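# Topology and contacts: notes
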Amino acid sequence: MSGPTVAVGQAAVDQLLEVLDLEHTGEMTFRGMSPPVGPQRVYGGQVAGQALVAAGRTVDAERFVHSLHGYFVRPGDPAEPIEYQVENVRDGRSFSVRRSVALQHDKPIFFMSASFQRAEEGLDHQAPAPPDVPGPDEVPTMTDRLARYPERLGIWAQIPRPIDVRYVGEPGWVRPGDRPANPHQRVWMRIDGKLPDDPLLHACALTYASDLTLLDSVLSVHGEVWGPGGVVGASLDHALWFHRPFRADEWFLYDCWSPSASGARGLATGRMFTTDGRQIASAVQEGLLRRVGD
């Protein structure tokens, strides 16, 4: 196969950093762009990550994001800039709350509430990480998996890949019938290069990554796949909680499952663990899921 060189590794990460580096257009307003090559709709993780960048830049750097809750209300056009308007809901003694709205053509495509907290000490516990999961070096790389399904490459053969994604089981883009039903979808991830040390940037990068495979866990329960002969879908909302310090450019296990699906909607939830078993974040998302023919 021949064609344009796809950015991977640090080159792709540098492009991601450019996407997350919003233009400051006013006291509480920002402008973001999409990658020059990408899907027909703005990727949900991108708009969520950019919305968090906008919100975080209006908060004292000593306060760190601990949760965000967002709704996808319209598909985004990747050819158009995205305007972000941030509202200062409250600055308290310990917490700051912001509302960040993404707009195109003066209409909201996404809005998010995010809360930031100054560092404090307190109770500390977590559920254990799932046992007996093979490490990231023990499962196939994305390149290895894609080689088996050249007809499923599509846009993935053209767009930059700043995230190293390694599925423990079968991904949702294999051929119909090739995916056994599994109640869990587990994926190792990391930003595939070096990020600056800014904790907000790592939170935004994790937000970007968190939308990539979460909804696929709904399909995994049924052994279903994306695309022809399977299912098409779209994210409806997204929530993320950050529990402990982390680096998004180090491996983390995204352990996802779906507690319910009905009415053409599916609910997915996930936990993120470092290689030494620390839980760094939790995510919940509901998506629209509809069957399509061949």
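All figures in this text were calculated on a predicted structure; none of them were measured in a lab.

## Details of the overall build of the protein chain
Helix and strand content of the protein chain: five helices and 12 strands. The C-alpha radius of gyration computed for the protein chain amounts to 19 Å, which stays within 12% of the reference 19 Å derived for 294 residues, consistent with globular compactness. The principal-axis extent of the C-alpha atoms belonging to the protein chain is close to 55 × 45 × 40 Å. Looking at the 294 residues of the protein chain, the share that counts as buried comes to 48%. Taking the contacts inside the protein chain whose residues are at least 6 apart along the sequence as the reference set, 73% of them involve residues at least 24 apart. Here the protein chain displays about 14,500 Å² of accessible surface, and carbon together with sulfur accounts for 52% of that area. Charged side chains in the protein chain number 28 positive and 37 negative. The centres of these two groups are separated by 4 Å.

## Remarks on the side chain of arginine 271
Among the secondary structure elements, arginine 271 is positioned in strand β11 (residues 265-274). Arginine 271 sits in the buried class, given a relative accessible area of 17%. Excluding residues within four positions of it along the chain, arginine 271 makes contact with Ala127, Pro128, Pro130, Leu253, Tyr254, Asp255, Trp257, Gln279, Ala281 and Ser282.

## Points about the pairing of strand β9 (residues 231-242)
Within a regular strand, the side chains alternate between the two sheet faces. Note that strand β3 (residues 63-72) and β9 share five bridges and pair antiparallel. Considered in β9, the bridge of leucine 68 is made with leucine 240. The pairing of β9 with strand β12 (residues 279-291) spans 11 bridges and is classified as antiparallel. Opposite phenylalanine 242, over in β12, you have alanine 281 as the bridge partner.

## A few points about the nonpolar core
Val47, Leu52, Tyr84 and Phe110 are the most contacted members of the largest nonpolar core, which totals 66 residues. Broken down by element, this core gets its largest block of residues, eight residues, from helix α4 (residues 199-210). If near-sequence neighbours (up to four positions away) are discounted, tyrosine 84 is found in contact with Leu22, Met28, Thr29, Phe30, Gly32, Val47, Gln50, Ala51, Ala54, Ser100, Val101 and Ala102.

## Points about the packing of aromatic side chains
Here the structure, examined in full by the defined rule, presents six aromatic pairs. Counting every residue linked through ring pairs, the aromatic cluster contains Tyr149, Tyr167 and Trp173. Directly above the aromatic system of phenylalanine 111 lies the positively charged group of arginine 99, at a separation of 5.1 Å from the ring centroid.

## Focus: unusual backbone geometry
Its identity as a non-glycine residue notwithstanding, histidine 105 has a phi of 55°, on the positive side. Inspection of the secondary structure assignment puts histidine 105 in the loop between β5 (95-104) and β6 (107-118). A positive phi angle, near 55°, is found at aspartate 132, a position not held by glycine. Position of aspartate 132 relative to the elements: it lies in the loop between β6 and α3 (142-147).

## As for the pattern of salt bridges
Across all of its chains, the model carries 19 salt bridges by this definition. In this structure, glutamate 83 engages arginine 31 in a salt bridge whose closest nitrogen and oxygen atoms are separated by 2.7 Å. In this pair, glutamate 83 is assigned in strand β4 (residues 82-91) and arginine 31 in strand β2 (residues 29-32), connecting sequence segments 52 residues apart. Relative accessible area serves as the criterion here: at 25%, glutamate 83 is assigned to the partly exposed category. By relative accessible area, which is 28% here, arginine 31 ends up partly exposed.

## Re helix α2 (residues 44-56)
Here α2 is 13 residues long and its end C-alpha atoms lie 18 Å apart, about the 18 Å a rise of 1.5 Å per residue gives. Of all 13 residues in α2, 13 are buried; the element is thus mostly enclosed.

Cut-offs applied
- Residues numbered from 1 in each chain as written.
- Predicted model: local features only at pLDDT ≥ 70, side-chain atom pairs only at ≥ 80, totals over all residues.
- Heavy atoms only, no water.
- Helix = DSSP H or I, 4+ residues; strand = E, 2+ residues; numbered from the N terminus.
- Rg over C-alpha atoms; globule rule 2.2 N^0.38 Å.
- Buried < 20%, exposed > 50% of the residue type's maximum accessible area, 1.4 Å probe, protein only.
- Contact = heavy atoms within 4.5 Å.
- Areas by Shrake-Rupley, 256 points an atom, 1.4 Å probe, with all protein chains shown as cover.
- Lys, Arg positive; Asp, Glu negative; His and termini not counted.
- Charge placed at Lys NZ, Arg CZ, Asp CG, Glu CD.
- Pairing = 2+ DSSP bridges.
- Core = buried A, V, L, I, M, F, W, Y, C linked by side-chain atoms within 4.5 Å.
- Phe/Tyr/Trp six-rings, centres within 6.5 Å; stacked < 30°, edge-to-face > 60°.
- Lys NZ or Arg CZ within 6 Å of the ring centre and 35° of its normal.
- Salt bridge = Lys/Arg side-chain N within 4 Å of Asp/Glu carboxyl O.
- Expected span 1.5 Å × (residues − 1).

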